[in-house]
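What follows is each chain in one-letter form.
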Amino acid sequence: MKKIVISGINIHQGGPMTILISCLDFMDKNLAHKYEIIALVHDKDKFNHENIKLIEFPLSRKSWLARIYYEYFYFKRLSKEISPNLWFSIHDITPNVLADIRVVYCHNPSLFHKLKIKDILLDGKFFLFASFYKYLYQINIKDNDFIVVQQDWIRDNFRELFKIDKNNIIVAHCNDRGTMQNELINFFEEKNLMFAEDILFFYPALPRIFKNIEVVCEAAKYLSDLGNKNFKVKLTIDGNENNYSRQIVSKYSNVDSIDFIGIQPYDEIQELYKKVACLIFPSKLETWGLPITEFKELGKPMLCVDLPYAHETIGDYNLVSFFKEDNYVELANLMLGLIKNDISFGGNEKNNIQYPFAENWEDLFSLILCN
């Protein structure tokens, strides 16, 4: 039986963890009868796949030296022992390995962030990563048979940045479940969200400088200063995470309409999706934007930043309007339209993406394995 190795030793939370679990879910159900599947992970206890062999690397997140040792030295020896048909590194780094087919999944967008000096003070760790990631991606990248990215604009940038043939870069929309059939309806009447309490807006985001949390705070402050009181904005920071969140909470803690609830577990985020009236997503940099996909399935309104990644993530959807990334007044006016039940959504249409393109995991593995 041929073997497939899925390597995700540094993945432990957030969107990358969702991608890894989703990938293993698919393989467990659909490929395990044809291939012996081996997953290299940080913590075995986070996974439950009866047809997949798990190999644990608990040191992988304790130091970058350990990570580099595994990727560029130990995995070559391991690959000789396993002799895989496919080695799929699902977290950015192209390791030194021997395999019939080599693939890397690139999902970290930090190299596309336009760094500013103030970023060092607000989030020094991210500044270092953003400075370093271009070179990390570059190591061994041309040794891959395929490079997987999540959006078309990233493929274009990779082609220019690393001089890679576009036909070797697969755009994969494996986050897009595509189950929601939405129609433009009188949303507040049918969903019964015009209630006596505050209209709830929600932006789930870790405190990273590119997440643009401050534009939401400015919009909320602007509306509050104009006398609008019957709304709340829930933000998943509390000021204890880093300098960036500390600065935001300090500046806007006196705005009654903002509720800083801190980082929330995945299950609580899902419950909040059900309770709130609208998702706000202003991030300046994403390879996907998973909250958009998750919230879209509920058929509720979204106010999103007017950037290519957001349009591609949303696909066909009527209940969405867009605002310029730093224009808090434009965002505030869209929020006010929702509060007063007086908004015309701009909507969004799905982009046509050229080959090679995968709508889901089945498409992606068919392309990789030439099935």
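Residues numbered from 1 in each chain as written. Predicted model: local features only at pLDDT ≥ 70, side-chain atom pairs only at ≥ 80, totals over all residues. Heavy atoms only, no water.

Undergrad: When you look at the sheet that holds strand β1 (residues 2-8) in this model, what are you seeing that I'm missing?
TA: Taken together, eight strands build an open sheet; the order of strands is β3-β2-β1-β4-β5-β6-β7-β14 and the sheet is parallel. The open sheet has two edge strands with one neighbour each: β3 (52-56) and β14 (357-358). Looking at chain direction, strand β7 (residues 169-172) and β14 are connected through two bridges and run parallel. Following the sheet pairing, V171 is matched in β14 by F357. Sitting on the sheet, helix α1 (residues 14-30) touches β1, β2 (35-41), β3 and β5 (101-105), and the angle it makes with β1 is about 165°. Strand contacts of helix α5 (residues 152-162): β6 (146-149) and β7, with the helix running at about 165° to β7, the strand carrying the most contacts. (Pairing = 2+ DSSP bridges. Helix = DSSP H or I, 4+ residues; strand = E, 2+ residues; numbered from the N terminus. Contact = heavy atoms within 4.5 Å. Axes fitted to C-alpha atoms, helices over the stretch in contact; angles between N-to-C directions.)

Undergrad: Got a minute to help me understand the nonpolar core in this structure?
TA: F158, F201 and M335 are the most contacted members of the largest nonpolar core, which totals 81 residues. Counting residues per element, this core draws most heavily on helix α7 (residues 213-225), at seven residues. Not counting residues up to four positions away in its chain, the partners in contact with M335 are F201, A219, L223, F231, V233, I280 and L303. One finds I19, Y35, V41 and L367 within the second-largest nonpolar core, a separate group that totals 37 residues. (Core = buried A, V, L, I, M, F, W, Y, C linked by side-chain atoms within 4.5 Å. Buried < 20%, exposed > 50% of the residue type's maximum accessible area, 1.4 Å probe, protein only.)

Undergrad: Got a minute to help me understand the pairing of β7 in this structure?
TA: Walk down a regular strand and you will see the side chains alternate between the two sheet faces. Side chains I169 and V171 project from β7 onto one buried face, and the interleaved I170 and A172 project onto a second face that is buried too. Alignment of β6 against β7, held across three bridges, turns out to be parallel. If you follow I147 over to β7, its bridge partner there is I169. Handedness of the crossover is the feature at issue here: the chain leaves β6, passes through α5, returns alongside β7, and the resulting connection is right-handed. (Right-handed = clockwise from strand over helix to strand, strands pointing away.)

Undergrad: What should I look at first to understand α1 in this one?
TA: The periodicity of an α-helix, 3.6 residues per turn, causes residues three or four positions apart to be oriented the same way. The end-to-end C-alpha distance of α1, which contains 17 residues, comes to 25 Å, matching closely the 24 Å that a straight helix rising 1.5 Å per residue would cover. Where α1 is concerned, the buried positions are M17, I19, L20, C23, L24, F26, M27 and D28. Residues of α1 that are buried make contact with β1, β2, β3, β5 and α13 (361-369). (Expected span 1.5 Å × (residues − 1).)

Undergrad: Which parts of the structure should I look at to understand the sheet that holds strand β13 (residues 320-323)?
TA: Through backbone hydrogen bonds, the strands of a sheet pair up, either in parallel or in antiparallel fashion. Ordered by their spatial adjacency, six strands build an open sheet running β10-β9-β8-β11-β12-β13, and the pairing between neighbours is parallel. Single-partner strands in this sheet number two, and they are β10 (258-260) and β13. Between one strand axis and the next, the sheet turns through 25° on average, direction left out of account. The pairing of strand β8 (residues 199-203) with strand β11 (residues 278-281) spans two bridges and is parallel.

Undergrad: Which parts of the structure should I look at to understand the packing of α7 against helix α12 (residues 328-339)?
TA: Two quantities define a packed helix pair, namely the angle between the axes and the distance from one axis to the other. For the pair α7 and α12, the least separation of the axes is 8 Å and the interaxial angle reads 60°. Comparing the axis directions of α7 and α12 gives the class oblique. As α7 runs across α12, the sense of the crossing is right-handed. Listed contacts from α12 to V215, V216, E218, A219, Y222 and L223 of α7 are Y328, V329, L331, A332, M335, L336 and I339. Of the residues contributing to the contact of α7 with α12, the split by class is 12 nonpolar, no polar and one charged. (Parallel < 35°, antiparallel > 145°, perpendicular 65-115°, else oblique. Left-handed = near helix turned anticlockwise from the far one by under 90°. Nonpolar A, V, L, I, M, F, W, Y, C, P; charged D, E, K, R; others polar.)

Undergrad: Is there a simple way to explain the packing of α7 against helix α8 (residues 243-252) in this structure?
TA: Put simply, α7 and α8 touch, their axes get as near as 11 Å, and they point 5° apart. Of the possible angle classes, the one that applies to α7 and α8 is roughly parallel. For the pair α7 and α8, the contacting residues are I213, E214, C217, E218 and K221 in the first and Y244, I248, K251 and Y252 in the second. Grouping the constituent residues of the contact of α7 with α8 by class yields five nonpolar, no polar and four charged.

Undergrad: How do you make sense of a nonpolar patch on the surface when you look at a structure like this?
TA: A cluster of nonpolar side chains, I68, Y69 and F73, forms an exposed patch at the surface whose accessible area comes to about 290 Å². Along the chain, Y69 falls in helix α2 (residues 64-82). (Patch = residues over 30% accessible without salt bridge, like charges linked within 9 Å, V, L, I, M, F, W, Y side chains within 5 Å. Areas by Shrake-Rupley, 256 points an atom, 1.4 Å probe, with all protein chains shown as cover. Salt bridge = Lys/Arg side-chain N within 4 Å of Asp/Glu carboxyl O.)

Undergrad: Looking at this structure, how should I read the pattern of salt bridges?
TA: Oppositely charged side chains may form a pair once their charged atoms are brought near each other. Considering all chains together, one arrives at 12 salt bridges under this definition. The salt bridge involving E218 is made with K251; its shortest N-O contact spans 3.9 Å. Highlighted residues: E218 in helix α7 and K251 in helix α8, separated in sequence by 33 residues. Classification of E218 by relative accessible area gives partly exposed; the value is 21%. The class for K251 is exposed, based on a relative accessible area of 53%. A cluster of three or more residues bridged by salt bridges with shared partners is formed by D156, R159 and E160.

Fair warning: the whole summary comes from geometry, so function is off the table for now.
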